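The chain contents come next:
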Amino acid sequence: MPIINRIAEFHDAMTEWRRDLHAHPELGLAEHRTSSLVQAKLREFGVDEIHAGLAGTGVVGVVRGRDPGGAIGLRADMDALPIAEETGLPYASQNAGVMHACGHDGHTTMLLGAARYLAETRNFDGTVYLIFQPAEETQGGAGIMVREGLFDRFPMERVFGMHNWPLATQGNFLWRDGPVMAAVANIDVAITGRGAHGAQPHLGVDPVFVAAQIISAAQGLVARSKDPIEGGVLSLCHIAGGHTYNVIPETVRMMGTARWFAPAVGDLLEHGFVRLASGIADSLGARAEVTYKRNYPATVNDAPTLALARRAAEAVAGAARVQPMAAPTMGSEDFAFFAEARPAAFILLGGRAHPDDAMVHHPRYDFNDAILPVGASYWAVLVEQMLPRGG
Ligand SMILES: [Zn+2]
Ligand SMILES: [Zn+2]
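The rules behind these values
Residues numbered from 1 in each chain as written. Chains lettered and ligands numbered in written order. Predicted model: local features only at pLDDT ≥ 70, side-chain atom pairs only at ≥ 80, totals over all residues. Heavy atoms only, no water. Salt bridge = Lys/Arg side-chain N within 4 Å of Asp/Glu carboxyl O. Helix = DSSP H or I, 4+ residues; strand = E, 2+ residues; numbered from the N terminus. Buried < 20%, exposed > 50% of the residue type's maximum accessible area, 1.4 Å probe, protein only. Donors = N, O, S within 2.8 Å, 3.2 Å for Na, K, Ca; no water. Tetrahedral: all angles 85-135°; square planar, octahedral: opposite > 155°, others 65-115°. Pairing = 2+ DSSP bridges. Axes fitted to C-alpha atoms, helices over the stretch in contact; angles between N-to-C directions. Contact = heavy atoms within 4.5 Å.

K.L.:
Tell me what's going on with the pattern of salt bridges, and back it up with residues and numbers.
P.N.:
Pairing is possible between side chains that carry opposite charge, provided their charged atoms lie close to one another. For the structure shown, the criterion picks out 20 salt bridges. For Arg6, the salt bridge is made with Glu9, and the minimal N-O distance between the two is 2.6 Å. Taken together, the residues Arg6 and Glu9, both in helix α1 (residues 5–9) and three residues apart, mark about one turn of the helix. Among the residues examined, Arg6 registers a relative accessible area of 26% and is labelled partly exposed.

Following this line, the structure appears as structure tokens:
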């Protein structure tokens, strides 16, 4: 079965909703217009219940089948990024400095498309929870929804997520067993030395030199302390200190990111980095304060749940277009919080139409509207396969 015909019939309508969302992007936890629009659409489609207010702007729509049965959750994210759009499209962002550069406008639209079809046809038994979550990018809206009782209020056996992927051919699905997206930590380092004349380093403690030792040693941690078979990376991405040719500054600040899959690697990176930064600074007569904040856990697919996701994807796209990923990605996803709470499957839907299409988080990226009915059909087929009539 390819794309569901009834869903193909409202491809134009979905394209309109998606471009409207694209023109009006909103940052995490501030998706007020988006949330209102989602609620209005769900009401228009005749969804049975609409629950607003989870994690502020989050929305859960409930669609009941013809008879009682199991329950599953389908998730879309709604937030945009602090990026100035450079696409020049007629429906480009009208909100300066904010852009739907990760395709969450498309994710929201695909789940709305599925909602319309499911509410109209109800070819299933049981309950579908449509989860529209805020703040995926950095604030962990999924974690907030879980802490606010998402799974107590809406008891579901499994939960499913999907992300568009411009590196893969449009309409192809990519899957991976086990860890699929990395865990992430944000690292802040404040090094305090003692300022001096650049010609008289012996009268001060040079925090720039200390920072250099910490940067080098951090890569030793990844290369020499971590099992080389295990995935893990630590990148110091920002450094600031001093302002001119001949003044040794008093302080240097650094920011960085760590990514990993196995919990033991996460512990090694955290404890190892804190120990070496403070130890190196201390041994050189400076002081380093490290704030190491774990943000999202790894997104781990549950094998039986992933098998169900693959079966649905194969029904929509054909088996040849549902492909295993060669490796997990070091990108992160707050869907991880849902996957910690319930058996879950997170898959990627290819969006590439041309070889030079921009990747997500790029100012010239745009969600590919051609895949709207593919994603919406995937959700609908997943429901009809998992919650069959008379099942
Ligand atoms: Zn993103
Ligand atoms: Zn995203």
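Still more to cover.
K.L.:
Just give me the short version of the coordination of the zinc ion (ligand 1), but keep the residues and values in it.
P.N.:
Within the protein, the zinc ion (ligand 1) binds to Cys102 (SG), Glu137 (OE), Glu137 (OE) and His361 (NE2); these donor distances fall in the range 2.0 to 2.6 Å. Around the zinc ion (ligand 1), the four donor atoms are arranged such that angles at the metal cover 53 to 151 degrees; this shape is classified as irregular. Sequence spacing among the residues donating to the zinc ion (ligand 1) works out to C-x34-E-x223-H. In this structure the zinc ion (ligand 2) is found 3.1 Å away from the zinc ion (ligand 1), and Cys102 serves as a bridging donor for the pair.

K.L.:
Explain the sheet that holds strand β12 (residues 251–260) residue by residue, including any values.
P.N.:
Read from one edge to the other, the open sheet built from four strands follows the order β10-β12-β8-β13, with strand pairing classed as antiparallel. Whereas interior strands pair on both sides, the edge strands pair on one side only; in this sheet they are β10 (232–240) and β13 (287–296). Across this sheet, the average inter-strand angle for adjacent strands is 20 degrees, counted without regard to direction. Here eight bridges tie β10 to β12, and the two strands are oriented antiparallel to one another. Bridge pairing in β12 links Leu234 to Ala258. On top of the sheet, helix α7 (residues 207–225) reaches β8 (183–192), β10, β12 and β13; it is set at about 165 degrees to β10, its chief contact. The strands touched by helix α8 (residues 263–283) within the sheet are β8, β10, β12 and β13, with β13 carrying the most contacts at an inclination of about 165 degrees.

K.L.:
Break down the sheet that holds strand β5 (residues 158–169) for me, citing the residues and quoting the values.
P.N.:
The sheet built from eight strands is open, its strands ordered β1-β2-β4-β3-β5-β16-β6-β15 with mixed pairing. Each edge of the open sheet is held by one strand with a lone partner, namely β1 (49–54) and β15 (322–324). With strand direction ignored, the average angle separating the axes of adjacent strands in the sheet is 25 degrees. Where strand β2 (residues 58–64) meets strand β4 (residues 127–133), six bridges bridge the pair, whose relative direction is antiparallel. When the sheet's bridge partners are listed, Val59 is paired in β4 with Phe132. Relative to the sheet, helix α3 (residues 32–45) contacts β1, β2 and β4, its axis offset from that of β2 by approximately 10 degrees. Against the sheet, helix α4 (residues 104–121) makes contact with β2, β3 (71–77), β4, β5 and β16 (344–352), and its axis sits at roughly 145 degrees relative to β3, the strand it touches most.

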